[in-house]
Amino acid sequence: MDVLRVDDRLSDEERMIRDTVRALVAERIAPRVAGWFDAGTFPARELAPELGKLGLLGMHLRGYGCAGMSAVAYGVACRELEAGDSGLRSFVSVQGSLAMSAIHKYGSEEQKAEWLPRMAAGEAIGCFGLTEPDRGSDPGDMLTRARRDGSDWVLNGTKMWITNGSIADVAVVWARTDEGIRGFVVPAGTPGFTTGDIHQKLSLRASVTSELVLEDVRLPAGAVLPGVTGLKGPLGCLSEARYGIIWGAVGAGRSCYETAVGYAKSREQFGKPIGSFQLTQEKLAWMEIALGQAGLVALHIGRLKDAGEVTPQQISFGKLANVRAALDVARQARTVLGANGITLEYPVIRHMNNLESVLTYEGTQEIHTLVLGQAITGLPAYR
Ligand code: FAD
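Residues numbered from 1 in each chain as written. Predicted model: local features only at pLDDT ≥ 70, side-chain atom pairs only at ≥ 80, totals over all residues. Heavy atoms only, no water.

### Side note on the packing of aromatic side chains
- Taken as a whole and judged by the stated rule, the model has seven aromatic pairs.
- Look at Phe-42 and Phe-91: their rings are 5.5 Å apart centre to centre, the planes differ by 40°, and that puts the pair in the tilted class. One end of the pair, Phe-42, is in the loop between α2 (33–39) and α3 (44–53); the other, Phe-91, is in helix α5 (residues 86–106), and 49 residues separate them in sequence. For the pair Phe-42 and Phe-91, a shared accessibility class is recorded, and that class is buried.
- Taken together, the ring pairs in this structure connect Trp-36, Phe-42 and Phe-91 into an aromatic cluster.
- A cation over an aromatic ring shows up here: Lys-305 above the ring of Tyr-243, its NZ or CZ 5.5 Å from the ring centre. (Phe/Tyr/Trp six-rings, centres within 6.5 Å; stacked < 30°, edge-to-face > 60°. Helix = DSSP H or I, 4+ residues; strand = E, 2+ residues; numbered from the N terminus. Buried < 20%, exposed > 50% of the residue type's maximum accessible area, 1.4 Å probe, protein only. Lys NZ or Arg CZ within 6 Å of the ring centre and 35° of its normal.)

Shown next as structure tokens:
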């Protein structure tokens, strides 16, 4: 069901993108993703060119082989990708909204020409290294350092929880310099730059998450992103990725909801479909409302973004509200499925576990709450 018919407000082009991505997910992702989750793998090299061919990598960026689509079109694509799996949407977000967007926003002409067309085509994979083992919510206090040595830069430090880290051809790494925080384009294979994967995750298993280690990594002068200094650099990219999550969460929630509706109609107990019991209907009605509201929030923020009017507070509002809504929907859907809800035969618990990561990354729910708290009171409460 979609009682509010939010998608009726999409343009023909936006609906076409929705249908294309939905078909990709149905054919290429849905039949296989439980297996990837179970095995803790993600076939990035296989999927990246397919995603690139559809224009989904750096979809909202202009030039350099990128599709140059609207924010709403990008959001709709994120929603459909995350209905498949949050790991798939994370791959596309990190590639387009974080790594490519950093190079696109702040990079030199040479950096853009070297990396963006290959990344848009899915021939090169990117990652974005901001978080560190001891610095998560407070990246402004990062420990990774870059010092000048003649015209070169030398980087030392460790980044943690980096999506696509070990499979990336290029890492955008943020480091403290004497001038403030700066971004560096670090190609894989640079001496002193190594990666290791994080194992035993019970969330986002169909996604590669890695540690990046930089030991005296020497980079030429041209490796620094010339266009930005300070925390506003990485935060500008995070705003883009958070925007995608506002939509993506709706997709994950919808997949859980649709599964619960289907199950409620076919599963019988006490001689009747469980969907005929009032308690089950109450759950389904509540899920419909939660997802309808989340869908409206996503579309509203998307239209604001396309008009060039969106604020960081609105992005925090959307990320916080929609991920929470999706997680609540997933948990309710899980109960509708009873014991079957805990297996990978159904997508519900996979989405539910994934959404725990989505609640934490790109700014935790607490940090976004503080952003809103500051907007409401004018009083920052971070420390
Ligand atoms: P901490 O900052 O240590 O926070 C722990 C708890 O304390 C949280 O509940 C937090 O909200 C709370 N807290 C912290 N400060 C405050 C405060 N002032 N007031 C109230 N509460 C507070 N990072 C990248 O750079 N690139 C990536 O590609 C990337 N991918 C990720 C993929 C996955 C699967 C995961 C799980 C994380 C990823 N991250 C990535 C890291 C992610 O952004 C961080 O985990 C996140 O910013 C939180 O940092 P932390 O885990 O160190 O938690």
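On we go from here.
### Some remarks on the domain arrangement of the protein chain
- Assigned domains within the protein chain: domain 1 (6–120), domain 2 (126–223) and domain 3 (232–377).
- For domain 1 versus domain 3, the separation of C-alpha centres amounts to 20 Å.
- Listed by partner, the interface residues are 33 residues for domain 1 and 35 residues for domain 3.
- For the pair domain 1 and domain 3, the summed buried surface comes to about 2,500 Å²; carbon and sulfur atoms form 62% of the total.
- Area buried by domain 1 at its contact with domain 3 is led by Val-6, Phe-37 and Arg-79, which between them contribute 20% of it.
- The interface formed by domain 1 and domain 3 holds four salt bridges in total.
- A salt bridge links Lys-105 to Glu-240; its shortest N-O distance comes to 3.3 Å.
- The tally of links from domain 1 across to domain 3 stands at 15 residue pairs in polar contact (both at pLDDT 80 or more).
- Sorting the residues of the side of domain 1 that touches domain 3 by element identifies α1 (12–29), α2, α4 (71–84) and α5 as the ones contributing at least two each. (Domains from an automatic or database assignment. Contact = heavy atoms within 4.5 Å. Buried area = accessible area lost by both parts, 1.4 Å probe. Salt bridge = Lys/Arg side-chain N within 4 Å of Asp/Glu carboxyl O. Polar contact = N/O pair within 3.5 Å; in protein donor to acceptor, adjacent residues only side chain to side chain.)

### Digging into the side chain of Thr-209
- Within the secondary structure layout, Thr-209 lies in strand β7 (residues 209–219).
- The class for Thr-209 is buried, based on a relative accessible area of 8%.
- Separated by 2.7 Å, the side chains of Thr-209 and Lys-201 make a polar contact.

### Re the UniProt feature "domain: Acyl-CoA dehydrogenase/oxidase C-terminal" (unreviewed entry) in the protein chain
- Residues given the UniProt feature "domain: Acyl-CoA dehydrogenase/oxidase C-terminal" (unreviewed entry) here are residues 230–376.
- Counted over residues 230–376, helix gives 78% and strand 3%. Its end C-alpha atoms are 26 Å apart. (UniProt positions renumbered as here; feature names shortened; annotations may be inferred.)

### Some words on the UniProt feature "domain: Acyl-CoA dehydrogenase/oxidase N-terminal" (unreviewed entry) in the protein chain
- The UniProt feature table records "domain: Acyl-CoA dehydrogenase/oxidase N-terminal" (unreviewed entry) at residues 11–123.
- Between the first and last C-alpha atoms of residues 11–123 the distance is 30 Å; the span itself is 73% helix and 0% strand.

### Examining the site of the ligand
- Around the ligand sit 17 residues, and of these Thr-131, Ser-137, Trp-161, Thr-364 and Glu-366 come closest.
- At 2.7 Å, a backbone N or O of Trp-161 approaches a nitrogen atom of the ligand.
- At a separation of 2.6 Å, an oxygen atom of the ligand approaches a polar side-chain atom of Thr-364.
- For the ligand, whose accessible area on its own is 970 Å², the fraction buried by protein is 68%.
- Secondary structure elements with two or more residues in the shell around the ligand: β3 (152–163), α10 (348–360) and α11 (365–377).
- Top element by residues in the shell around the ligand is β3. It accounts for three residues.
- In terms of residue class, the shell around the ligand is made up of eight nonpolar, seven polar and two charged.
- The residue makeup of the shell around the ligand includes at least three contributed by each of domain 2 (126–223) and domain 3 (232–377). (Near = heavy atom within 4 Å. Areas by Shrake-Rupley, 256 points an atom, 1.4 Å probe, with all protein chains shown as cover. Nonpolar A, V, L, I, M, F, W, Y, C, P; charged D, E, K, R; others polar.)

### So, the pairing of strand β2 (residues 145–149)
- When β2 meets β3, the two strands line up antiparallel, connected through five bridges. In the strand pairing of β3, Arg-145 is matched with Asn-156.
- A loop of two residues connects β2 with β3, the two strands running antiparallel in sequence, and Gly-150 in this loop sits at a positive phi of about 65°. (Pairing = 2+ DSSP bridges.)

### Some points on the confidence of the model for the protein chain
- Averaged over the protein chain, the pLDDT score is 98; the fraction of residues at 70 or greater is 100%.
- Two numbers describe this predicted complex: its pTM, 0.98, and its ipTM, 0.99. (pLDDT = per-residue confidence, 0-100.)

### What to know about helix α6 (residues 109–121)
- Compared with the 18 Å implied by 1.5 Å per residue over 13 residues, the 18 Å span of α6 between its first and last C-alpha is a close match.
- Roughly 30° is the biggest bend found in α6, and it falls at Trp-115, with proline Pro-117 one to four residues downstream.
- Those residues of α6 lying buried are Gln-111, Lys-112, Trp-115, Leu-116, Met-119 and Ala-120.
- At its buried positions, α6 is contacted by α3, α5, β1 (126–129), β4 (170–177) and β5 (180–187).
- Two residues or fewer past α6, Gly-122 is found with a positive phi of approximately 80°. (Expected span 1.5 Å × (residues − 1). Bend = angle between axes of the 7 residues up to and from the residue.)

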